[in-house]
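Per-entry structural report
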Amino acid sequence: MARYTGPKEKIERRLGERLGIKGERGAGPKAAVVRRPYPPGQHGPSHRPRKVSEFGTQLKAKQKVRAMYRLTEAPLKRIVKDSLALRTSTSPFVTVIRALESRLDNVVFRMGLAQSRDQARQLVSHGHITLNGKRAKTPSIHVRVGDVIGVVERSRALPYFATFAPRWFAKATPPTWLAVDKAAVTATVKAEPVPEESGVQTPDVQSIIEYYSR
């Protein structure tokens, strides 16, 4: 699957806000968006805000959510289209956020095993993560209530899980819809993802829905 491999902090500078792309570094004072709070490029320092059109607002919202969840165009479009096609009383905003948050790579990130979604995706695609006791290698799998996410037994001896991950896993605060067992290094999905805990704003999702509804 195609994925963005270019400079990640340039995305945050271009959009003008932190998106958690670089994990711990992106949250600290050394983040590029803090040290250079202007768009990248030759004319960045002298950049003057312009009036943004409705389409520009929709496009920026799409780029922001794509960058946050590390998605390409096709998966995000599919998630939005599928959410709009559902015949339920749940609002499209809620269904879109739940679909994004319930991806396996995002759950690995939310439980604290990775500092970024890129890192979480790599853990899944390299076969280090289990779903209900079975190895899962597809980051886009959607978890359900009752599912248990863990680490492959033989992977636990690797330096990443034995030495590095414990540093941030112990301090991680998971969302309320995940029950994390720090000792067993597992997480159980105990409820549907809570949109308010996602960090995505309602206007952004509404703009994305309007963008794909054109």
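About the criteria used
- Residues numbered from 1 in each chain as written.
- Predicted model: local features only at pLDDT ≥ 70, side-chain atom pairs only at ≥ 80, totals over all residues.
- Heavy atoms only, no water.
- Phe/Tyr/Trp six-rings, centres within 6.5 Å; stacked < 30°, edge-to-face > 60°.
- Buried < 20%, exposed > 50% of the residue type's maximum accessible area, 1.4 Å probe, protein only.
- Lys NZ or Arg CZ within 6 Å of the ring centre and 35° of its normal.
- Helix = DSSP H or I, 4+ residues; strand = E, 2+ residues; numbered from the N terminus.
- Polar contact = N/O pair within 3.5 Å; in protein donor to acceptor, adjacent residues only side chain to side chain.
- Contact = heavy atoms within 4.5 Å.
- Pairing = 2+ DSSP bridges.
- Salt bridge = Lys/Arg side-chain N within 4 Å of Asp/Glu carboxyl O.

**Describing the packing of aromatic side chains**
- Evaluation of the coordinates by the stated rule reveals four aromatic pairs.
- Measuring from centroid to centroid gives 6.0 Å for Tyr160 and Trp168, while their planes differ by 65°, and the two rings are edge-to-face.
- Relative to Tyr212, the ring of Tyr211 has its centre 5.2 Å away and its plane inclined at 90°; by these criteria the two rings are edge-to-face. For the residue pair Tyr211 and Tyr212, the accessibility class agrees, reading buried in each case.
- The ring of Tyr69 has Arg117 lying over it, and the distance from NZ or CZ to the ring centre is 4.4 Å.
- Above the face of the Phe169 ring, Lys182 is positioned so that its terminal group lies 4.6 Å from the ring centre.

**Concerning the side chain of Glu101**
- Looking at the element boundaries, Glu101 is found in helix H6 (residues 92–101).
- Since its relative accessible area comes to 1%, Glu101 is described here as buried.
- Within the structure, the side chain of Glu101 is placed 2.5 Å from the side chain of Tyr69, a separation counted as a polar contact.
- Discounting residues that sit within four places of it in the chain, Glu101 has contacts with Tyr69, Asn106, Val107, Arg110, Arg117, Trp177, Pro193 and Ser198.

**Considering the sheet that holds strand S2 (residues 134–135)**
- A sheet is described by the order of its strands in space; here five strands give the open sequence S2-S1-S3-S5-S4, paired in antiparallel fashion. Of all the strands in the sheet, just S2 and strand S4 (178–181) have a single pairing partner and so form its edges.
- Taken together, the three bridges between strand S1 (residues 129–131) and strand S3 (residues 148–151) define a ladder with antiparallel strand orientation. Bridged to Thr130 within S3 is Gly150.

**Notes on the pattern of salt bridges**
- By the definition in use, this model includes nine salt bridges.
- Residue Arg66 pairs with Glu73 through a salt bridge whose shortest N-O separation is 3.4 Å.
- Here Asp118 makes a salt bridge to Arg70, at a shortest N to O gap of 2.9 Å. Of this pair, Asp118 sits in helix H8 (residues 117–125) while Arg70 sits in the loop between helix H4 (54–69) and helix H5 (73–85); the two residues are 48 residues apart in sequence, bridging distant segments of the chain.
- The class of Arg70 is buried, set by a relative accessible area of 9%.
- Here the salt bridges share partners, and the residues they tie into one network are Lys62, Arg66 and Glu73.

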